[in-house]
Amino acid sequence: AITRRIACPDGNIASNAACCPLFAIRDDIQENLFDGGECGEEVHESLRLTFHDAIGIGSRGGGGADGSIITFETQELTYHANNGLDEIIDRQKPFIAKHNITAGDFIQFAGAVGVSNCPGAPRLDFFLGRPTAAAAAPDLTVPEPFDTVDNILARFADAGGFSPEEVVALLASHTIVASDHVDPTLEGVPFDSTPSTFDTQFFVETQLRGTLFPGTGGNQGEVESPLAGEMRLQSDSELARDSRTACEWQSFVNNQAKLQSAFKAAMRKMTILGHNISQLTDCSELIPTPKALTKIATFPAGLTNADVEQACASTPFPSLSTDPGPVTSVAPV
Ligand code: HEM
Ligand SMILES: [Ca+2]
Ligand SMILES: [Mn+2]
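Only a predicted model underlies this, so the values are computations on that prediction, with no experimental measurement involved.

Chemist: Would you explain the nonpolar core in this entry?
Modeler: Within soluble globular proteins, side chains that are nonpolar generally end up buried alongside one another. One finds Leu22, Ile29, Phe109 and Phe203 to be the most contacted residues of the largest nonpolar core, which totals 88 residues. Considering every element that reaches this core, the biggest residue donor is helix α6 (residues 103-115), with eight residues. When neighbours within four sequence positions are excluded, phenylalanine 109 is seen to be in contact with Leu22, Ile25, Arg26, Ile29, Phe126, Leu286 and Ile287.

Dropping the structure here:
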C-alpha cells in the first residue's frame, strides 16, 4: 500500500490533510486535560465517556458515537447510568469550543489519546468525521451494574452486534477505574489493584472470592470484593462467572497480548457506532504509542489459587505467584 505523506500547515506530517488539526488538539489535551500525559482521573472518565456516548444506539434509537451525550447533555445527563459524567463533560467542553472539532470526534479522540497514557494499553485507532448529533439518545441504552447478564449481552448485541466475547474485551476498560458514584461514601475506588496500569489484574481479581465491601454495603450494583479498598461491580462479578462469558474472562488472565488486541478491535467497532467507516478518515497515526508493560499477573498478597472461584469449566485457572509481604489494601486514586 502507498502511504500518503502530507505536510500540515503547522509542520507536522499526516497521511491525510483532514488529520492536520488533530496535532494541536492532541498537544493541548495532553498538557491541559491529562495533566501532562498521565493515566489519571481525566483519562479514566474520558474512556467511560466514549462508551456512554457510543452505546446510545439500537432498536430504541440513538445515533451511537455522535457526541449526543455532550450536545444533548441536558437530556442525557438526567439518565441514571450517566451519573457523574457531568464532571468530565465540563472539562472537555472548553476544548471542543476552542478547536474546530465535533463533540462526537472529540470524545473518541480524547479517549484514544488518554488511554495511550496508561502503560500496557494498546495503541487505539481513531477515525475522524462524525457530524454533530441530531438528537439525544434515548434512556436505558447504557447498561447498569445491577442488570442481569442476559440483559447486558442483549443490549450490546442490539447496540452493535457485539458478541459475548467482545463484551468481555470491552470490559478490560475496568482495569483503569476510580469509582466515585457506586458507593456515595467513597471516592476514587479502583476495580483492581493497579488503576493506573492497563494490565490483566482486573481479570484475576474479579475471579477471587469476595469477602468485604470497601465502604458501606448495600449499594445497588456492588458486591463484595477480595481486597480492602477495591470495589467489585455485580455485573463484572456475574460476567466472570456466567457460562457464556467465564472462559473468555479467564482467558485474559496474564495474557497482555490478547488484552491489547481484543480491546483494540472491540474499541474500533464501538467508537464508530452509527457511522460508515468508509466515510471517516483514519487518523490513527495521531495516537501515541503507550508504554509497554512487563509485569506478570499475580495474586495479591495473602491470596492464592484457593481463593479463585473457578467458573470456566473447560480450562483450569492459570497458575500465578502471590505478591510477597503482608496483606495490603488498595489505595484510592
Ligand atoms: C456491562 C457494562 C458496563 C457496566 C455495567 C459499567 C458500569 C460502570 C460503573 C458503575 C462505573 C463506576 C462509575 C463511578 O462510580 O464513578 C464504571 C466505571 C468505568 N467504566 Fe464501566 N461499565 C460497563 C462497561 C464499560 C465499557 C464498555 C467501558 C469502556 C470501553 C467502560 C469504561 C469505564 C471506565 C474507564 C470507568 C472508570 C471511570 C472513572 O474512573 O471515573 N465501562 N463503569
Ligand atoms: Ca489495572
Ligand atoms: Mn471519577
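Chemist: Before we go on, may I ask you to explain the state of the cysteines in this structure?
Modeler: By definition, a disulfide links the sulfur atoms of two cysteine residues through a covalent bond. As enumerated under the stated definition, the model contains four disulfides in all. Between the sulfur of cysteine 19 and that of cysteine 283 lies a disulfide, 2.1 Å long from S to S. An S-S torsion of about -85° defines the bridge between cysteine 19 and cysteine 283 as left-handed. You can see cysteine 19 sitting in the loop between β2 (13-14) and α1 (21-32) and its partner cysteine 283 sitting in the segment after β6 (281-282), a full 264 residues away along the chain.

Chemist: What should I look at first to understand helix α2 (residues 41-54) in this one?
Modeler: Helix length check: α2 (14 residues) gives 20 Å between terminal C-alpha atoms against 20 Å at 1.5 Å per residue, within 8%. Judged by how many residues are buried, α2 sits mostly within the fold: 12 of 14 residues are covered. When α2 is considered as a whole, its buried residues turn out to be Glu42, Val43, His44, Glu45, Ser46, Leu47, Leu49, Thr50, Phe51, His52, Asp53 and Ala54. Residues of α2 that are buried make contact with α3 (68-71), α5 (85-98), α6, α7 (149-160) and α12 (256-270).

Chemist: Would you mind going over the packing of α1 against α6 with me for this structure?
Modeler: When two helices pack together, their arrangement is given by the angle between the helix axes and by the axis-to-axis distance. Here α1 crosses α6 at 60°, and the two axes come no closer than 11 Å. It follows that α1 is oblique to α6 by the angle criterion. In this structure, α1 crosses over α6, and the sense of that crossing is right-handed. For the pair α1 and α6, contact is made by Leu22, Ile25, Arg26, Ile29 and Gln30 and by Phe106, Phe109, Ala110 and Val113, respectively.

Chemist: Explain empty space enclosed by the protein here, please?
Modeler: For the structure shown, the criterion picks out one cavity of 30 Å³ or more. Empty space within the largest cavity amounts to approximately 60 Å³. What lines the largest cavity is simply Thr50, Gln108, Ala112, Leu124, Asp125, Lys264, Met267, Arg268 and Thr271. For the lining of the largest cavity, the elements supplying multiple residues, two or more each, are α6 and α12. It is α12 that provides the largest number of residues to the lining of the largest cavity, a total of three residues. Class assignment of the residues belonging to the lining of the largest cavity gives a composition of three nonpolar, three polar and three charged.

Chemist: Got a minute to help me understand the UniProt feature "site: Transition state stabilizer" (unreviewed entry) in the protein chain in this structure?
Modeler: Per the UniProt entry, the sites bearing "site: Transition state stabilizer" (unreviewed entry) are Arg48 in this numbering. With respect to the secondary-structure elements, arginine 48 resides in helix α2. Arginine 48 gets classed as partly exposed once you look at its relative accessible area, which sits at 32%. Dropping the residues within four chain positions of it, arginine 48 is found in contact with Ala81, Asn82, Asn83, Gly84 and Leu85.

Chemist: Would you explain the coordination of the calcium ion (ligand 2) in this entry?
Modeler: Around a metal, the perfect tetrahedron of four donors has angles of 109.5 degrees, and the perfect octahedron of six donors has angles of 90 or 180 degrees. Distances from the calcium ion (ligand 2) to its protein donors, namely Thr175 (O), Thr175 (OG1), Asp192 (OD), Asp192 (OD), Thr194 (O), Thr194 (OG1), Thr197 (O) and Asp199 (OD), fall within the range 2.3 to 3.0 Å. When the donors of the calcium ion (ligand 2) are listed by position in the chain, the intervening gaps give T-x16-D-x1-T-x2-T-x1-D. For threonine 194, a relative accessible area of 17% gives the class buried.

Chemist: Sorry, what's going on with the layout of surface pockets here?
Modeler: Here the idea is plain: a probe the size of a water molecule rolls over the atoms and shows the empty space left. Volume-wise, the largest pocket comes out at about 950 Å³. When residues of the lining of the largest pocket are traced back to their parent elements, those giving at least two are α2, α5, α7, α8 (164-170), α10 (234-241) and α12. Per element, the largest residue contribution to the lining of the largest pocket is seven residues, and it comes from α2. Residues that form the lining of the largest pocket fall into these classes: 24 nonpolar, 12 polar and five charged. Of the volumes computed, that of the second largest pocket is approximately 260 Å³. Along its surface, the second largest pocket is lined by 20 residues, and Leu140, Thr141, Val142, Pro143 and Asp147 are the ones closest to its centre. The biggest single contributor to the lining of the second largest pocket is α7, with four residues.

Rules of the game
Residues numbered from 1 in each chain as written. Chains lettered and ligands numbered in written order. Predicted model: local features only at pLDDT ≥ 70, side-chain atom pairs only at ≥ 80, totals over all residues. Heavy atoms only, no water. Core = buried A, V, L, I, M, F, W, Y, C linked by side-chain atoms within 4.5 Å. Buried < 20%, exposed > 50% of the residue type's maximum accessible area, 1.4 Å probe, protein only. Helix = DSSP H or I, 4+ residues; strand = E, 2+ residues; numbered from the N terminus. Contact = heavy atoms within 4.5 Å. Disulfide = S-S within 2.5 Å. Expected span 1.5 Å × (residues − 1). Axes fitted to C-alpha atoms, helices over the stretch in contact; angles between N-to-C directions. Parallel < 35°, antiparallel > 145°, perpendicular 65-115°, else oblique. Left-handed = near helix turned anticlockwise from the far one by under 90°. 1 Å grid on protein atoms, 1.4 Å probe; cavity = no way out; pocket = protein on both sides within 12 Å on 5 of 7 lines; lining within 4 Å. Points joined across faces, edges and corners; volume = space filled by probe spheres on them. Nonpolar A, V, L, I, M, F, W, Y, C, P; charged D, E, K, R; others polar. UniProt positions renumbered as here; feature names shortened; annotations may be inferred. Donors = N, O, S within 2.8 Å, 3.2 Å for Na, K, Ca; no water.

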